[in-house]
Amino acid sequence: MSINDLVLKVNDVLTGSVLIIALVGIGLLFTFKLGFIQIRGFKDGWNRTFGGLFSKKGDAGKDGMSSFQALATAIAAQVGTGNIAGAATAIAVGGPGAIFWMWISAFLGMSTIFAEAVMAQKFKQVSDDGTVTGGPVYYIRAAFKGTFGKVLAAIFAVLIIFALGFMGNAVQSNSIAASWNTAFGIPKIAMGIFVAVVSLFVFTGGMKRIAKVTELIVPIMAAFYILGSLIVIFANVTAIPAAFHDIIIGAFKPAVAGGAMGATLKLAVQKGVARGLFSNEAGMGSTPHAHAVAKVNHPVEQGFVAMIGVFIDTFVILNLTALVIITTGSRTSGFTGAELSQYAFSTLYGKFGEIFIAICMLFFAFSTIIGWYFFGEANIRYLFGAKAVKIYSIIVCICVVLGSLQEVELVWNMADCFNSLMVIPNAIALIALSGLVKKTHDDYYNNFLPNRKKGK
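Definitions and limits used
Residues numbered from 1 in each chain as written. Predicted model: local features only at pLDDT ≥ 70, side-chain atom pairs only at ≥ 80, totals over all residues. Heavy atoms only, no water. Salt bridge = Lys/Arg side-chain N within 4 Å of Asp/Glu carboxyl O. Helix = DSSP H or I, 4+ residues; strand = E, 2+ residues; numbered from the N terminus. Buried < 20%, exposed > 50% of the residue type's maximum accessible area, 1.4 Å probe, protein only. Contact = heavy atoms within 4.5 Å. Patch = residues over 30% accessible without salt bridge, like charges linked within 9 Å, V, L, I, M, F, W, Y side chains within 5 Å. Areas by Shrake-Rupley, 256 points an atom, 1.4 Å probe, with all protein chains shown as cover.

Colleague: Now, about the pattern of salt bridges: what can you tell me, with residues and values included?
Modeller: Under the counting rule described, the total for this entry stands at 4 salt bridges. K438 is the salt-bridge partner of D442, the closest N and O atoms lying 2.8 Å from each other. Taken together, the residues D442 and K438, both in helix α20 (residues 434-453) and 4 residues apart, mark about one turn of the helix. Assessed through its relative accessible area of 23%, D442 is described here as partly exposed. Take K438: its relative accessible area is 26%, and that puts it in the partly exposed class.

Colleague: Lay out the side chain of Q172 with the relevant residues and their values.
Modeller: Along the polypeptide, Q172 turns up in helix α8 (residues 147-184). Setting aside chain neighbours within four positions, we find Q172 in contact with T81, A365, T368, I369 and W372.

Colleague: Can you lay out a nonpolar patch on the surface for me, pointing to particular residues and giving the numbers?
Modeller: Where nonpolar side chains cluster on the molecular surface, the patch consists of I189, I193, V197, I394, I398, L402 and L405 and spans about 620 Å² of accessible area. When residues of the nonpolar patch are traced back to their parent elements, those giving at least two are α9 (188-203) and α17 (389-405). Per element, the largest residue contribution to the nonpolar patch is 4 residues, and it comes from α17. Here I193 lies in helix α9. For I193, a relative accessible area of 43% puts it in the partly exposed group.

This is the structure:
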């Protein structure tokens, strides 16, 4: 058995059952423990998110990001090529019903990411040079004192550095290079070098430059994709009711008769939940790095904002991709992944469909590279200190260039494997800290909020 075959078998076990059970379980735990915070806290999250959109530059302070900048950095990482390819793959393999299970996973994931953000805020650190940092490594250490906590945190740090910082960013670069080569004939290496140079410029500006770039690029990329998608969907407006019918009915009754029906239903659930969880990254331990550095008055405030990130990623961006594919009748085209999305957009835009996807890929993948670099940097600082950051940024840029050249199957599969494995130490810590999450939540509603209303 080759190394690649072994990695694929591990991936099948992780994504097929272990992680779905773990992440759905954690989502259910926090949903009930926090009294459906996704619903109760949604308005607060929405107001805090878009109230900060036009905040003054000084709102972030000298040592962190504003709440909106932190969310923008998180969304930059969440909204990636998976939003174009993820929904397409789920539909192609699991049918339209998979989208319903994406909704369920996202709803549960909103409570999980609330807990992640609250704990990231609770245990964030300020280094000697005044840099604010935080993430799972710090709340893992808080959950488990002694050697076990140190080892578990170190395992998480190594996994996320390789999964996102190195291999993950090579994957994102390849998506950009391939789509621009298809749309414009630009050599892949040229796009790889271009992306690497621009990325290095952003990286070397530190947290402040990363925050400014994501704050600018995320609203633009979201608006561009939303507008382009809505044009296609409303061009096929008569197919919208049937699309929702197929999604809801297909979630429980796949269009297959006989003995294969049970297997098809299982596939719809599995692909929908898995793609949803890995798109919005709730429970994976990535986005807490951004939410940790937000400047807020109480950890729960950033928990509210974090939930909006999942909502935008899944209920807005991912849904639009799904509706474009279903309303255009493209799911029977024989394509899958990004090619299926590209085909769906080309049914209306023709050749411009390739250009549209290429532009979206650039926005989505480049923003993900920035976000994933930032998450990896926090763990580099944890393991090796600030002096190692420059070396890390150079290695990331080399990975970006190499990733643009060709798709190396082993690297891609290892990225998925490491991405899955990093969920495990994060999930263990969240379960151990669930009581503290509830205590912090109660403190906000019972003490902080009443005092703020009284003007104290």
